[in-house]
Amino acid sequence: MTFTTRFRVGAAVLVGAAALAVAAPALAAGTSPTDPPPPARLADLKARADEAVKDRLAQLDKLTDRLNGAGTDCGQNTDVAGQLANDRTGLQQLDATIQAETDGKKALAEYRQIFTDFRIYWLQTPKTNEVVACDRESKADATLTALRQKIQARVDEAKAKGYDVSAAQGALDDMAAKLTDATSHAGQASSSVADLQPDKGDQSVLASNLAGLAKGRQDLRSGWSDLQTARHDARTAIDDLKNLHKS
Amino acid sequence: MDASSALFNYRALRPLGAAAAAAVLLTGAACNGPLARRAANRHAPATALTTIVPAGAAPTAAQSGAPSATPPVRTDDLDAGLQQTDTQLSQTGGAIGEADQNPQQNSD
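Described in the following lines is the structure provided in the data block. (Residues numbered from 1 in each chain as written. Chains lettered and ligands numbered in written order. Predicted model: local features only at pLDDT ≥ 70, side-chain atom pairs only at ≥ 80, totals over all residues.)

### Examining the overall build of chain B
Our working definition: Working definition: helices are DSSP H or I runs of at least four residues, strands are E runs of at least two. Numbering for both runs from the N terminus. Whether a residue is buried, exposed or partly exposed is read from the other C-beta atoms within 10 Å of its own C-beta, which are placed from the backbone; 20 or more gives buried, 12 or fewer gives exposed, and intermediate counts give partly exposed.
Along its length, chain B carries three helices and zero strands. Reading the secondary structure of chain B in the N-to-C direction produces α-α-α. The burial tally for chain B puts 12% of its 108 residues in the buried class.

Right, dumping it as structure tokens:
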């Protein structure tokens, strides 16, 4: 590889990285969805509609499995599972209506509803993922809470034996506070996204939904940070117990 | 053998001797790596211990070189509990990573 070739490859890599750096914030901000252009012929439109519905039904199955496999419930699982079931029924009915349609204009309007009235990818998928993440945070929170209680019992035991447990107790107190915060953040994420409804083509609702989902993700990240700090506190308290000395 | 033929033989053999010397040197260099490694291994501990510490984890007493006296209360089950927590946290991190992705880029 000559120097010139290397230079060109390097330049291409830099340009690519710069393009990604520019594109990433735009994607992270949640660009508005663009619904696919409908086919001109009615037969093509029907075929495309059937394909789009089947694709979304498969996605709904995946989301339902994910929800059922969460192992715990942050409080919104039943609600969201019901929404996914209703989406399934609604999409099947809409597909049947489109397949029986003879009026091109009506078929076109119904075709658009597959996207705007359900938002399986832009709303229901991130919503379910956030609710499942809340479930997982809740489960980890419960495990850490049980561990905290166990450590507290040992701290109390050591204290009764005359050891200075102030450092371990301080770590445990912080752990308790972080676990409370984690529960709060996760709960906010789940409850704020669970009832977001498809925009049905209303751009303001769409923007509001995307903002709500972004806020939910932020809450989940905060909860995750709290859990990690709580875990660190647990480690500190256990290590303090190992290094106790008489007060 | 007169002096001139001895000189001739010396001149004729000199390149061969140089080649042989080079071969000996090369062989020595090639063998030195493995031999040196073998010698180093003899001085190395029998087993290499690798400790994986989760990010943000505080050093344990053993890692920080603190005295390993028996703690006044039992802690081994607490360590086990922490390991169980790590498994859960790993799953939680995966779920959050999934939720943290943007809505799919295909239109909907």
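### Considerations on the overall build of chain A
In plain terms, the rule: Contact criterion: two residues are in contact if their C-beta atoms, reconstructed from the backbone, are within 7 Å.
Looking only at helices and strands, one finds seven helices and zero strands in chain A. Tracing chain A from N to C terminus, the helices and strands come up as α-α-α-α-α-α-α. Evaluated residue by residue, chain A yields a buried proportion of 39% over its 247 residues. Look at the contacts in chain A between residues 6 or more apart in sequence, and 83% of them connect residues 24 or more apart.

### Things to note about helix α3 (residues 77-100) of chain A
Keep this limit in mind: Helices are assigned an expected span. That span is 1.5 Å times one less than the residue count.
Relative to the 34 Å expected for 24 residues at 1.5 Å per residue, α3(A) spans 35 Å between its end C-alpha atoms, a close match to the ideal helical length. Taken together, the buried positions of α3(A) are occupied by Asn77(A), Val80(A), Gln83(A), Asp87(A), Leu91(A), Asp95(A) and Ile98(A).

### Structural notes on the packing of α3(A) against helix α5 (residues 120-160) of chain A
All names here are of chain A. Rules: Here, axes are lines fitted to C-alpha atoms. For helices the fit covers the stretch in contact, and angles between N-to-C directions go from 0 to 180 degrees. Here is the rule for angles: anything less than 35 degrees is roughly parallel, anything more than 145 is roughly antiparallel, 65 through 115 is roughly perpendicular, and the remaining ranges are oblique. Here a crossing is called left-handed whenever its near helix is offset anticlockwise from the far helix by less than a right angle, and right-handed whenever the offset is clockwise. Polar here means any residue other than Ala, Val, Leu, Ile, Met, Phe, Trp, Tyr, Cys and Pro, which are nonpolar, and Asp, Glu, Lys and Arg, which are charged; Gly is therefore polar.
Where α3 meets α5, the closest approach of the two axes is 11 Å, and the angle between their N-to-C directions is 155°. Relative to α5, α3 is oriented roughly antiparallel. For the element pair α3 and α5, the recorded crossing hand is left-handed. Of the residues in α5, those touching α3 at Asn 77, Val 80, Gln 83, Leu 84 and Asp 87 are Ile 120, Gln 124, Lys 127, Thr 128, Val 131 and Asp 135. Of the residues that constitute the contact of α3 with α5, the class distribution is four nonpolar, four polar and three charged.

### Notes on the nonpolar core
What counts here: Here, a nonpolar core means buried Ala, Val, Leu, Ile, Met, Phe, Trp, Tyr and Cys residues linked by C-beta atoms lying within 7 Å of one another.
Grouped together as the largest cluster of nonpolar side chains are 61 residues, with contacts concentrated most on Ile114(A), Val131(A), Ile151(A), Leu220(A), Ala234(A), Ala237(A) and Leu241(A). At the level of elements, α2 (42-68), α3, α4 (104-116), α5, α6 (166-194) and α7 (203-242) of chain A together with α3 (76-99) of chain B are the ones that each hand at least two residues to this core. Per element, the largest residue contribution to this core is 13 residues, and it comes from α5(A). Those residues in contact with Val131(A) that lie beyond four places of it in its chain are Leu67(A), Cys74(A), Gln76(A), Asn77(A), Val80(A), Ser190(A), Val193(A) and Ala194(A).

### Observations concerning the environment of Val73(B)
By the element assignment, Val73(B) lies in the loop between α2 (61-64) and α3. Setting aside its immediate chain neighbours within four residues, Val73(B) contacts Arg154(A), Glu157(A), Ala158(A) and Leu241(A).

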